[in-house]
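For reference, the chains in residue letters:
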Amino acid sequence: GAVVSQHPSRVICKSGTSVKIECRSLDFQATTMFWYRQFPKKSLMLMATSNEGSKATYEQGVEKDKFLINHASLTLSTLTVTSAHPEDSSFYICSAPARRAGGPPEQYFGPGTRLTVT
Amino acid sequence: AQSVAQPEDQVNVAEGNPLTVKCTYSVSGNPYLFWYVQYPNRGLQFLLKYITGDNLVKGSYGFEAEFNKSQTSFHLKKPSALVSDSALYFCAVRDPNTGFQKLVFGTGTRLLVSP
């Protein structure tokens, strides 16, 4: 099956610093990837759609300048949390669609990145 | 707008008993429905999906879900629960307005299976 990885799995950073999270599709190419944020005991909130070769599409209420997304290649998207604050602490998950056996695209999720801002 | 609702925050069941995790949906057009499972500090794992065809969909780990159009429901079921089934379960619907790529998730239901 299609595999999506994320790095790092956990990161602790100080308030005011920036942190980068990588999302890679390991055995398939993805022109589109999705970034989600999960709050404790809450569902996943779609933050943005990452598009290879063009700007990301952000969901309403998500700050573009705070959550920088770069889709550098067909297998890599990065999310950079700039000037991080404790309220940015969360679990960030990416996903990428892949087709299997000619069917409709299915979402494959990364294992998530736990960000803690102190 | 597409949406799914999971009315239960938590479901408790004893090992060996049948389990049901509820999901209702609201979509325009044909629903493409999914169930995912999330273990602590992990990403989501696909369990099963309904696109068309039989109303009873069989998925991974012995789970199944029944699509009920009249009740707009897509409840997740398993005949005999295992302690290892304890996890967070998400129902989701695919948004056709985004080329069928965006998923809209429910709020999640925590399943606790006691020994």
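The structure presented is a predicted model; accordingly, all values stated were derived computationally and were not measured.

With that settled, consider the overall build of chain B. Secondary structure assignment for chain B yields zero helices and 12 strands. Taken from N to C terminus, the helices and strands of chain B fall in the order β-β-β-β-β-β-β-β-β-β-β-β. Reported as C-alpha extents along the three principal axes, the dimensions of chain B are approximately 45 × 30 × 25 Å. Burial statistics for chain B: of 115 residues in total, 44% are counted as buried. A fraction of 55% describes how many contacts in chain B between residues 6 or more apart in sequence connect residues 24 or more apart.

Attention now goes to the nonpolar core. F67(A) and L115(A) are the most contacted members of the largest nonpolar core, which totals 28 residues. At the level of secondary structure, the elements contributing two or more residues to this core comprise β2 (10-13), β3 (19-25), β4 (32-38), β5 (44-51), β7 (67-73), β8 (76-81), β9 (90-98) and β11 (113-117) of chain A. For this core, the element with the most residues is β9(A), which contributes four residues. In contact with L115(A), other than residues within four places in its own chain, are V11(A), C13(A), V19(A), V81(A), D88(A), S89(A), S90(A) and Y92(A). One finds Y25(B), Y50(B), Y89(B) and C91(B) within the second-largest nonpolar core, a separate group that totals 26 residues.

Let us now look at the layout of surface pockets. Of the volumes computed, that of the second largest pocket is approximately 250 Å³. Lining the second largest pocket are 14 residues, and of these Q38(A), R114(A), Q38(B), L88(B) and R110(B) sit closest to its centre. Along the lines of polarity and charge, the residues of the lining of the second largest pocket split into seven nonpolar, three polar and four charged.

With that settled, the discussion passes to the state of the cysteines. Residue and element names in this part refer to chain A. One pass over the full model with this rule turns up two disulfides over all chains. Left without a disulfide partner, C13 is nearest to the cysteine sulfur of C94, which lies 18 Å away. Judged by relative accessible area, C13 falls into the buried class, the value being 10%.

Conventions and cut-offs
- Residues numbered from 1 in each chain as written.
- Chains lettered and ligands numbered in written order.
- Predicted model: local features only at pLDDT ≥ 70, side-chain atom pairs only at ≥ 80, totals over all residues.
- Heavy atoms only, no water.
- Helix = DSSP H or I, 4+ residues; strand = E, 2+ residues; numbered from the N terminus.
- Buried < 20%, exposed > 50% of the residue type's maximum accessible area, 1.4 Å probe, protein only.
- Contact = heavy atoms within 4.5 Å.
- Core = buried A, V, L, I, M, F, W, Y, C linked by side-chain atoms within 4.5 Å.
- 1 Å grid on protein atoms, 1.4 Å probe; cavity = no way out; pocket = protein on both sides within 12 Å on 5 of 7 lines; lining within 4 Å.
- Points joined across faces, edges and corners; volume = space filled by probe spheres on them.
- Nonpolar A, V, L, I, M, F, W, Y, C, P; charged D, E, K, R; others polar.
- Disulfide = S-S within 2.5 Å.

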